[in-house]
2 protein chains.
Amino acid sequence: MELLKQRILNEGQYIGNGILKVDGFINHQVDPVLMNEAGKEFARIFKDHQATKILTAEISGIAPAVSAGLHLQIPVVFARKHKPITMPDQVLLTLSPSHTKGRMVELIVSPEYLGKGERVLIIDDFLATGKTIEGLIQLAQIAGSTVVGVGTLIEKTFEEGRRHLEEMGLVVHSLARIKSMTEDEIVFYK
Amino acid sequence: MELLKQRILNEGQYIGNGILKVDGFINHQVDPVLMNEAGKEFARIFKDHQATKILTAEISGIAPAVSAGLHLQIPVVFARKHKPITMPDQVLLTLSPSHTKGRMVELIVSPEYLGKGERVLIIDDFLATGKTIEGLIQLAQIAGSTVVGVGTLIEKTFEEGRRHLEEMGLVVHSLARIKSMTEDEIVFYK
């Protein structure tokens, strides 16, 4: 997606340790127009996958997931990292390592909103090692749902998360695939 | 907003202790079509307030804020509750009591994305005691921004958050105003 790549080139900032700062339009400040375009693009890519629900992880997955959900006209469930008091005692829970937090985080979904027979499209902001997305896949699996695809805004191809997902037989699409990053240069894959 | 009120009547659940569970379309599962309609409504209500930025709080404020931002064509900043490593050392920070967590939480905004001269529209999911929104107002004030209005999806009028905000001279609009709640009945204001 050219609009996203251009935005990354103009405003993205490599801050070391494999971390791309895109706080100006995704992770802290959000550009709703860009998110809407990304949502349209996800809907175009996955329109034939007959997804019935989108699954994402709080926090930064919410904006692209809700945009995709609007254009696919399906609901979005965001996995919580802390169990709110509105959630039932029995939940779907998995542990996932957080790169930016340096520890394991919980990913929690209520069985009220994810169950047997759902066809789940996973949407997130980043595909790096793929660990968060693997956590979401596990949640969908223990719910008895089928994962029909994975879409992310930005992929860091050098962290090889895609390989694990494709080995599971999943279709993976990222709107901007970064091949390498330094302080001076961000290079996209193809 | 009739669509939202109807949804609350059909699917909202009073679970005691003043808490309305709307996890099926706002707080855990999100209905993107409903959020888009809410965003349109916020844009219609606040179109003459010349907001340059929307400010909300993670997590559940993000979906309505991004929808409003799309229809007003302005960026959205979501205050973080934990400082991510991509944020500079100097930040705008305030403490806010969380009703559902039973403790104080931090609300953190990077000065990179909120500064002097901004006209800030605050959007959130709930207006209850108004404490979270007061925290967001404080962040805007220490940034040197002007708050031009407050919009929320659901207001619990009996918690009187509106009174404090209106005493500050702020325009407050909620799309569904709940006057009283029991396990059997949810009554809207006017």
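The structure displayed is predicted, hence computed values, not measured ones.

A.B. asks: Before we go on, may I ask you to explain the packing of helix 4 (residues 62–72) of chain A against helix 3 (residues 32–45) of chain B in this structure?
C.D. replies: Angle between the axes and distance between the axes: these two values describe a pair of packed helices. Axis separation between helix 4 of chain A and helix 3 of chain B bottoms out at 8 Å; the angle between their running directions is 100 degrees. When the interaxial angle is binned, helix 4 of chain A and helix 3 of chain B end up roughly perpendicular. In this structure, helix 4 of chain A contributes V66, G69 and L70 of chain A to the contact, and helix 3 of chain B contributes P32, V33 and N36 of chain B. Class assignment for the residues of the contact of helix 4 of chain A with helix 3 of chain B results in four nonpolar, two polar and no charged.

A.B. asks: Looking at this structure, how should I read the sheet that holds strand 5 (residues 76–79) of chain B?
C.D. replies: Pairing between the strands of a sheet comes from backbone hydrogen bonds, and it takes one of two forms, parallel or antiparallel. Reading across from one edge, 3(A)-5(B)-4(B)-8(B)-9(B)-10(B)-11(B) is the order of the seven strands in this open sheet, with mixed pairing throughout. At either margin of the open sheet sits one strand with a lone partner, and together these are strand 3 (29–30) of chain A together with strand 11 (186–188) of chain B. Where strand 8 (residues 119–127) of chain B and strand 9 (residues 146–156) of chain B come together, eight bridges link them in parallel fashion. Bridge pairing in strand 9 of chain B links R119 of chain B to T146 of chain B.

A.B. asks: What is the right way to read the relation of the copies chain A and chain B from this model?
C.D. replies: One copy of the chain maps onto the other through a rotation about an axis plus a displacement along that axis. Least-squares fitting of chain A to chain B yields an RMSD of 0.0 Å, with the superposition described by an axial translation of 0.0 Å and a rotation of 180 degrees. Such a combination of rotation and displacement between the chain copies is what one expects of a two-fold axis. Most of the interface of chain A is mirrored in chain B: 100% of its interface residues are interface residues there too.

A.B. asks: What is the right way to look at the confidence of the model for chain A in this model?
C.D. replies: For residues with low pLDDT, the predicted coordinates do not support detailed interpretation. With 99% of its residues at a pLDDT of 70 or more, chain A shows a mean pLDDT of 96. Among the prediction metrics, the complex's ipTM stands at 0.96, with pTM recorded as 0.97.

A.B. asks: Is there a simple way to explain the layout of surface pockets in this structure?
C.D. replies: Picture a little ball the size of a water molecule; that probe, rolled over the atoms, points out where space is still empty. Residue and element names in this part refer to chain B. Each pocket or cavity is described by its volume, and for the second largest pocket that value is around 210 Å³. In terms of lining residues, the second largest pocket is bounded by 14 residues, among which H173, S174, L175, R177 and K190 are the most central. Of all the secondary structure elements, the ones that give two or more residues to the lining of the second largest pocket are helix 3 and strand 10 (172–181). No other element matches strand 10, which puts six residues into the lining of the second largest pocket. Considering only residue class, the lining of the second largest pocket consists of six nonpolar, two polar and six charged.

A.B. asks: Please clarify how the environment of P32 of chain B should be interpreted in this entry.
C.D. replies: Mapped onto the elements, P32 of chain B comes out in helix 3. Residue P32 of chain B is classed as buried on the basis of its relative accessible area of 2%. Through-space distance from the C-alpha of P32 of chain B to that of P64 of chain B is 9.1 Å; in sequence the pair is 32 residues apart. In this structure P32 of chain B touches V66, G69, L70, I74, P75 and V76 of chain A, once residues within four positions along its chain are discounted.

A.B. asks: Sorry, what's going on with the pairing of strand 6 (residues 92–98) of chain B here?
C.D. replies: Two faces belong to every sheet, and in a regular strand the side chains alternate between them. All names here are of chain B. What you see with strand 6 is a clean split: L92, T94, S96 and S98 sit on the buried side and L93, L95 and P97 on the side with no burial. Bridge analysis of strand 6 against strand 7 (residues 103–109) gives seven bridges, and the strand direction is antiparallel. Bridge pairing in strand 7 links L92 to V109.

A.B. asks: Even after reading the chapter, I still don't get a nonpolar patch on the surface, so can you show me in this structure?
C.D. replies: All names here are of chain A. The grouping of L93, L95 and M104 at the surface amounts to a nonpolar patch, some 280 Å² of accessible area in total. Tracing the sequence through the fold places L95 in strand 6 (residues 92–98). The class of L95 is partly exposed, set by a relative accessible area of 48%.

A.B. asks: Looking at this model, I keep getting lost on the interface of chain A and chain B. Mind explaining?
C.D. replies: When the parts of a complex come together, some accessible area is lost, and that lost area is often taken as the interface size. Between chain A and chain B, the contact holds 40 residues from the first and 40 residues from the second. Taken together, both faces of the contact between chain A and chain B bury some 3500 Å²; the carbon and sulfur share is 65%. When the buried area of chain A at its contact with chain B is split by residue, H28, I59 and T86 of chain A rank highest and sum to 21% of it. Our enumeration of links across chain A and chain B arrives at two salt bridges. In this structure, the salt-bridge partner of E112 of chain A is K21 of chain B, at a minimum N-O distance of 2.7 Å. Remark: the boundary between chain A and chain B carries 18 residue pairs in polar contact (both at pLDDT 80 or more). Secondary structure elements with two or more residues in the side of chain A that touches chain B: helix 2 (23–27), strand 3, helix 3 (32–46), helix 4, strand 5 (76–79) and strand 7 (103–109) of chain A. Here the side of chain A that touches chain B takes five residues from helix 4 of chain A, the largest share from any one element. Here the side of chain A that touches chain B is composed, by residue class, of 23 nonpolar, eleven polar and six charged.

The rules behind these values
- Residues numbered from 1 in each chain as written.
- Chains lettered and ligands numbered in written order.
- Predicted model: local features only at pLDDT ≥ 70, side-chain atom pairs only at ≥ 80, totals over all residues.
- Heavy atoms only, no water.
- Axes fitted to C-alpha atoms, helices over the stretch in contact; angles between N-to-C directions.
- Helix = DSSP H or I, 4+ residues; strand = E, 2+ residues; numbered from the N terminus.
- Parallel < 35°, antiparallel > 145°, perpendicular 65-115°, else oblique.
- Contact = heavy atoms within 4.5 Å.
- Nonpolar A, V, L, I, M, F, W, Y, C, P; charged D, E, K, R; others polar.
- Pairing = 2+ DSSP bridges.
- Least-squares fit on C-alpha atoms with pLDDT ≥ 70 in both.
- pLDDT = per-residue confidence, 0-100.
- 1 Å grid on protein atoms, 1.4 Å probe; cavity = no way out; pocket = protein on both sides within 12 Å on 5 of 7 lines; lining within 4 Å.
- Points joined across faces, edges and corners; volume = space filled by probe spheres on them.
- Buried < 20%, exposed > 50% of the residue type's maximum accessible area, 1.4 Å probe, protein only.
- Patch = residues over 30% accessible without salt bridge, like charges linked within 9 Å, V, L, I, M, F, W, Y side chains within 5 Å.
- Areas by Shrake-Rupley, 256 points an atom, 1.4 Å probe, with all protein chains shown as cover.
- Salt bridge = Lys/Arg side-chain N within 4 Å of Asp/Glu carboxyl O.
- Buried area = accessible area lost by both parts, 1.4 Å probe.
- Polar contact = N/O pair within 3.5 Å; in protein donor to acceptor, adjacent residues only side chain to side chain.

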